[in-house]
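Here's the letter readout for the chains.
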Amino acid sequence: MTRLANPEALPPMTRDEALKALERAGTAQNRKIWLKHGVRRPMFGVSYAALKVIAKKIGTDHVLAAALWKTGNHDAIILATMVADPQAATRAELAAWLRDLDNAPITDAFAAFASHSPYSTMLAKQWGATRGEWTGAAGWMVLAHLVSTGDKVSEADQLGYLRTIERNMQRSKNRVRYAMNGALIAIGMRGGELRKAALEAAARIGPVEVDHGETGCTTPDATAYLKKAAGKKKTA
């Protein structure tokens, strides 16, 4: 028996069609915003809201994601992380994409994607231990995602990561400090002994200075963040 095609299914979007959609969604104002975030590669200037709309139309398309990434266009790369299939990503592909990281928005998007890959726990450890600013930041961001969304990282390993953060944060590169701070907060949000250990580490680390360039972004104070979160849980 011949299966009928789903009349509601949209045909796959080609790379050129996706680029045209991105170009139509781009604005001069968004290009100014991306520039303030350190983006120096070709771009259309597409907002995250518009990117999500386009990504929803595409669905999951790993082949298209790879083609979009190869364009080198900032918006296309962000879109690639939204439509790529993390289960289909190979270690070689992730390593190739990692080498292209050159700004905070792309690193954030890539780390969120990589955290869902089958290699996520290994990548967090491997990338976080490197000296490169964007690679190191990606590793700690992957760890923060893993800690926040599941139980792939044992409590013992999280305590070990806290010791590494405490030992290395203040001497790490700019965006690595920011990512480490985020990982410390994510670990502390698990509660119990991890919260206690994270607060003690944050107190010993002291204020964390991160240069956010021309943006209005700030670095969360880990101690204040964790105490506020704990207070909300008690009143809930």
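Scoring rules and cut-offs
Every chain is numbered independently, its residues counted from 1 as its sequence is written. This being a predicted model, a pLDDT of at least 70 is required before a residue's local features are given, and a value of 80 or more before pairs of side-chain atoms are given or counted; all residues contribute to the totals for chains, interfaces and linings. With hydrogens and water excluded, all non-hydrogen atoms of the structure serve as input to the side-chain values. Counting from the N terminus, the helices are the DSSP runs of H or I reaching at least four residues and the strands are the DSSP runs of E reaching at least two. Burial classes follow relative accessibility: with a 1.4 Å probe on protein chains only, a residue under 20% of its type's maximum area counts as buried, one over 50% as exposed, and anything between as partly exposed. Any N or O atom pair separated by 3.5 Å or less is treated as a polar contact, with the protein-specific requirement of one donor-capable and one acceptor-capable atom, and with residues adjacent in sequence counted only for side-chain atom pairs. The contact definition used throughout considers only heavy atoms, calling two residues in contact when any of these lie within 4.5 Å. In this analysis a 1.4 Å probe is tested at points of a 1 Å grid over the protein atoms alone, and where it fits but cannot get out there is a cavity; an open set with protein on both sides within 12 Å along at least five of seven lines is a pocket; lining residues have an atom within 4 Å of a point. Grid points are joined across faces, edges and corners, and a volume is the space filled by probe spheres set on the points.

So, the environment of Gly128
And step 1. Note on placement: Gly128 falls in helix α8 (residues 120-128).
And step 2. Residue classification places Gly128 among the buried positions, given a relative accessible area of 15%.
And step 3. Once the C-alpha coordinates of Gly128 and Ala186 are considered, the two residues, 58 residues apart in sequence, prove to be 15 Å apart.

As for the side chain of Asn174
And step 1. Here Asn174 lies in helix α11 (residues 174-188).
And step 2. A polar atom in the side chain of Asn174 sits 2.7 Å from the backbone nitrogen of Asp211.
And step 3. Residue contacts for Asn174: discarding those within four places in its chain leaves Glu133, Glu209, Val210 and Asp211.

Here's the deal with the layout of surface pockets
And step 1. In this structure, the largest pocket encloses a volume near 450 Å³.
And step 2. Together, 23 residues line the largest pocket, and Lys125, Gly128, Ala129, Trp140 and Thr164 are the ones closest to its centre.
And step 3. At the level of secondary structure, the elements contributing two or more residues to the lining of the largest pocket comprise α8, α9 (133-149), α10 (155-168) and α11.
And step 4. Among the elements that make up the lining of the largest pocket, the one with the highest residue count is α10 (five residues).

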